[in-house]
Amino acid sequence: IAVPNPEPAESASIEAAIHDALKDAAAQGVEGAGITPFVLSHVAEKTGGASLASNIALVNNNAKVGAQIAVELAALPPGYAGGGAAGGGSSAAAAGNGVGANASAP
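What comes next concerns the included structure. (Residues numbered from 1 in each chain as written. Predicted model: local features only at pLDDT ≥ 70, side-chain atom pairs only at ≥ 80, totals over all residues. Heavy atoms only, no water.)

1. What to know about the side chain of N61
Along the chain, the position of N61 falls in helix α3 (residues 50-74). Here N61 is in contact with V3, P4 and P6, once residues within four sequence places are set aside. (Helix = DSSP H or I, 4+ residues; strand = E, 2+ residues; numbered from the N terminus. Contact = heavy atoms within 4.5 Å.)

In structure tokens, the structure reads:
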């Protein structure tokens, strides 16, 4: 499920900030696990915090939509194929991979 960002930052400024941050990271020898925090920090700085606010809005929306999905899965009737643990399936089925789903249900 692709959850939309309710407060997307302006893409051109984000792209430019990412490009600059990656260039700075290479110039400073930042590698491996250090790249992501370096880039996020520099992009937030270069966008005046707009990228951070946008990322926080996306994380919050992901949590909201995930909770809504969990509530709906939990409300499925017992034995419903693909239902979550509360609906008679297994916790693996609740995780969305279909393993353990009740094959005898319609």
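So that's the structure; there's more coming.
2. Notes on the packing of helix α1 (residues 11-28) against helix α2 (residues 35-46)
One way to put it is that α1 packs onto α2 with a least axis distance of 9 Å and a crossing angle of 130°. As far as their axial angle goes, α2 and α1 are oblique. In this structure, α1 crosses over α2, and the sense of that crossing is right-handed. Residues I14, A17, I18, D20, A21, L22, D24, A25 and Q28 of α1 pack against I35, F38, V39, H42, V43 and K46 of α2. Broken down by class, the residue content of the contact of α1 with α2 amounts to ten nonpolar, two polar and three charged. (Axes fitted to C-alpha atoms, helices over the stretch in contact; angles between N-to-C directions. Parallel < 35°, antiparallel > 145°, perpendicular 65-115°, else oblique. Left-handed = near helix turned anticlockwise from the far one by under 90°. Nonpolar A, V, L, I, M, F, W, Y, C, P; charged D, E, K, R; others polar.)

3. Quick look at the nonpolar core
In this structure, I14, A17, A21, V39 and V43 together form the largest nonpolar core, which totals five residues. Contributions of two or more residues to this core are made by α1 and α2. Looking at which element gives the most residues to this core, the answer is α1, with three residues. Apart from residues lying up to four places away in sequence, V39 is in contact with A21 and L22. (Core = buried A, V, L, I, M, F, W, Y, C linked by side-chain atoms within 4.5 Å. Buried < 20%, exposed > 50% of the residue type's maximum accessible area, 1.4 Å probe, protein only.)

4. Details of α3
With 25 residues, α3 ought to run about 36 Å at 1.5 Å a step, and its terminal C-alpha atoms sit 36 Å apart, in line with that. Residues of α3 that are buried include every one of S51, S54, A57 and N61, and no others. (Expected span 1.5 Å × (residues − 1).)

5. Some details on α1
For the α-helix, the turn length of 3.6 residues means that residues three or four positions removed from each other point alike. In this model, α1 (18 residues) spans 25 Å end to end at C-alpha, consistent with the 26 Å of a helix rising 1.5 Å per residue. Looking only at α1, the buried set comprises I14, A17, A21 and A25. Angular distribution of buried residues about the axis of α1 spans 70°; they occupy a single face of the element. Of the exposed residues in α1, the ones pointing more than 90 degrees away from its buried face are E15, H19, K23, A26 and A27. The elements touched by buried residues of α1 are α2 and α3. (Arc of directions from axis to C-beta.)

6. Describing the layout of surface pockets
Which parts of space are left empty comes out when a probe the size of a water molecule is rolled across the atoms. Of the voids in this model, the largest pocket is the one considered here, and its volume is about 170 Å³. If you go around the largest pocket, the residues you meet are A9, S11, I14, I18, V39, L40, V43, S51, S54 and N55. Counting only elements with at least two residues in the lining of the largest pocket, the list comes to α1, α2 and α3. When grouped by side-chain class, the residues that make up the lining of the largest pocket number six nonpolar, four polar and no charged. (1 Å grid on protein atoms, 1.4 Å probe; cavity = no way out; pocket = protein on both sides within 12 Å on 5 of 7 lines; lining within 4 Å. Points joined across faces, edges and corners; volume = space filled by probe spheres on them.)

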